[in-house]
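# Structure assessment
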Amino acid sequence: MAAAPNLANALNGATPLDGATPLHGTIRPELSKFEQETWCSLVERRCGISFSNGRLHVLHAGLWEEMQRLGIASFGEYYAHILRHASDWNSLLDRLTNNETSFFRHMPSFLTLSEELLPLLAPERLRQGAKRLSLWSAGCSSGEEAWSMAIAAKETAAGWHCEIAVLGCDLSTRALAAARRARYSQRAVAAIPEQLRRQYLIQDGAECEIRAGIRNIVRFDQFNLFERSTYPTQLQDVIFCQNVFIYFGDKMRARAASNLTECLAPGGFLVPAPGELAGLPIPGLEVLRLQHTTVLRRTTSTPAA
Ligand SMILES: C[S@@+](CC[C@H](N)C(=O)[O-])C[C@H]1O[C@@H](n2cnc3c(N)ncnc32)[C@H](O)[C@@H]1O
């Protein structure tokens, strides 16, 4: 974990007492230039998210909400606190991450999965003696992307002698709790084509629940794109990582893509949202322009540089 930088030291490492009274009605203090830099650097170092590009207000608001909850009055005190309390770091991440998502968000990617990637991979893997295709939604938010991958794969692979396993991972524990709950509003599920909605979801009051047939093939875990120890140990055949890289600067984007590349089986595919990795050379990946969208394919069997 990162060493405590100057901001914490400057404030004598003071931490609030356990059970501190939340600060309701207190006016939010300004973030000094020094505090901005120190907080931005901590968050970027730990999880890649950059707030320097006109998004400082999101950081400022998230920090203050957490400080009010914890009864901490200064950004420096809170900084010292966060270095010592991992569970409160998770709670801060829930406020700093943008978890916007939807079912079949970028439909061309799901058509590509269904029509091109899986039909190419399945016979290859069967020839190699593998009976399972592993699909990963990296940065799955509240689960819609992982469920959409599972539905697309289930539709495609019906009758194949190949098992499908889908993993959904995210940094945000709150988003993952929603994913595991597997219940969505009518509005959220309206994005699923009607026939698939009837087949894979069941209405329960005002919500719709993902049916067991799909739930059985999807699992959710917390992970951080910048902590290799949190990655799945199993090499993945297809990784969707969409609308995640956009929150990172170029250096962290390249690092995240390289980490994901190492987790791809040879010949496996990385599917970012359109343009997210454009122009970024990533060793071990080749760009393929397919009918519906552009994907990246793992070319080598050795880890990417
Ligand atoms: C805007 S959502 C995108 C969700 C989904 N992939 C989609 O395209 O609809 C971005 C997600 O990336 C996650 N995220 C951001 N930084 C991350 C990191 N370093 N490691 C893992 N997940 C991260 C956030 O928590 C958030 O849920």
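Here is what the cut-offs are and how they apply
- Numbering of residues starts from 1 in each chain and follows the order in which that chain's sequence is written.
- pLDDT decides what is reported in this predicted model: residues at 70 or higher carry local features, side-chain atom pairs at 80 or more are listed and counted, and totals for whole chains, interfaces and linings draw on all residues regardless.
- Residues enter a nonpolar core if they are buried, belong to Ala, Val, Leu, Ile, Met, Phe, Trp, Tyr or Cys, and are joined to the set through C-beta atoms within 7 Å.
- Partly exposed residues are those whose C-beta has more than 12 but fewer than 20 other C-beta atoms within 10 Å; 20 or more makes a residue buried and 12 or fewer makes it exposed, with C-beta atoms placed from the backbone.
- Each helix is a run of H or I in the DSSP string that is no shorter than four residues. Each strand is a run of E no shorter than two, and both are numbered from the N terminus.
- The start and end points of each domain follow an automatic or database-based domain assignment.
- Two residues qualify as a contact pair if the distance between their C-beta atoms, derived from the backbone, is within 7 Å.
- Axis definition: a line fit to C-alpha positions, over the contact stretch in the case of helices; interaxial angles, taken between N-to-C directions, run 0 to 180 degrees.
- The scheme is simple: roughly parallel for angles under 35 degrees, roughly antiparallel for over 145, roughly perpendicular for 65 to 115, oblique for anything else.
- Less than a right angle of anticlockwise turn of the near helix away from the far helix marks a crossing as left-handed, whereas a clockwise turn marks it as right-handed.
- In this classification, Asp, Glu, Lys and Arg are treated as charged, Ala, Val, Leu, Ile, Met, Phe, Trp, Tyr, Cys and Pro as nonpolar, and every other residue, Gly included, as polar.
- Two strands qualify as a pair provided DSSP detects at least 2 bridges between them.

Core analysis: the biggest nonpolar cluster contains 81 residues, and Met 149, Ala 150, Ala 153, Val 166, Ile 239, Leu 260 and Leu 270 have the highest contact counts within it. Per-element tally for this core: the top contributor is helix α7 (residues 144–157), with seven residues. Two domains each put at least three residues into this core: domain 1 (6–96) and domain 2 (107–298). Ignoring sequence-local partners within four residues, the contact set of Ala 150 consists of Val 166, Ile 214, Ile 217 and Val 218.

In this section: the packing of helix α6 (residues 107–127) against α7. Orientation of α6 relative to α7, taken along the N-to-C sense of each, is 55°, at an axis distance of 10 Å. Classed by the angle they form, the pair α6 and α7 counts as oblique. Considering only the axes of α6 and α7, their crossing is right-handed. For the pair α6 and α7, contact is made by Phe 110, Leu 113, Ser 114, Leu 118 and Ala 122 and by Ser 148, Met 149, Ala 152, Ala 153, Glu 155, Thr 156 and Ala 157, respectively. Across the contact of α6 with α7, the residue classes tally to eight nonpolar, three polar and one charged.

We now examine the pairing of strand β1 (residues 132–138). The element β1 is extensively covered by neighbouring structure, given that six of its seven residues are classed as buried. Bridge count for β1 against strand β2 (residues 163–170) is seven bridges, and the pairing is parallel. Within β2, the position partnered with Arg 132 by the bridge is Glu 163.

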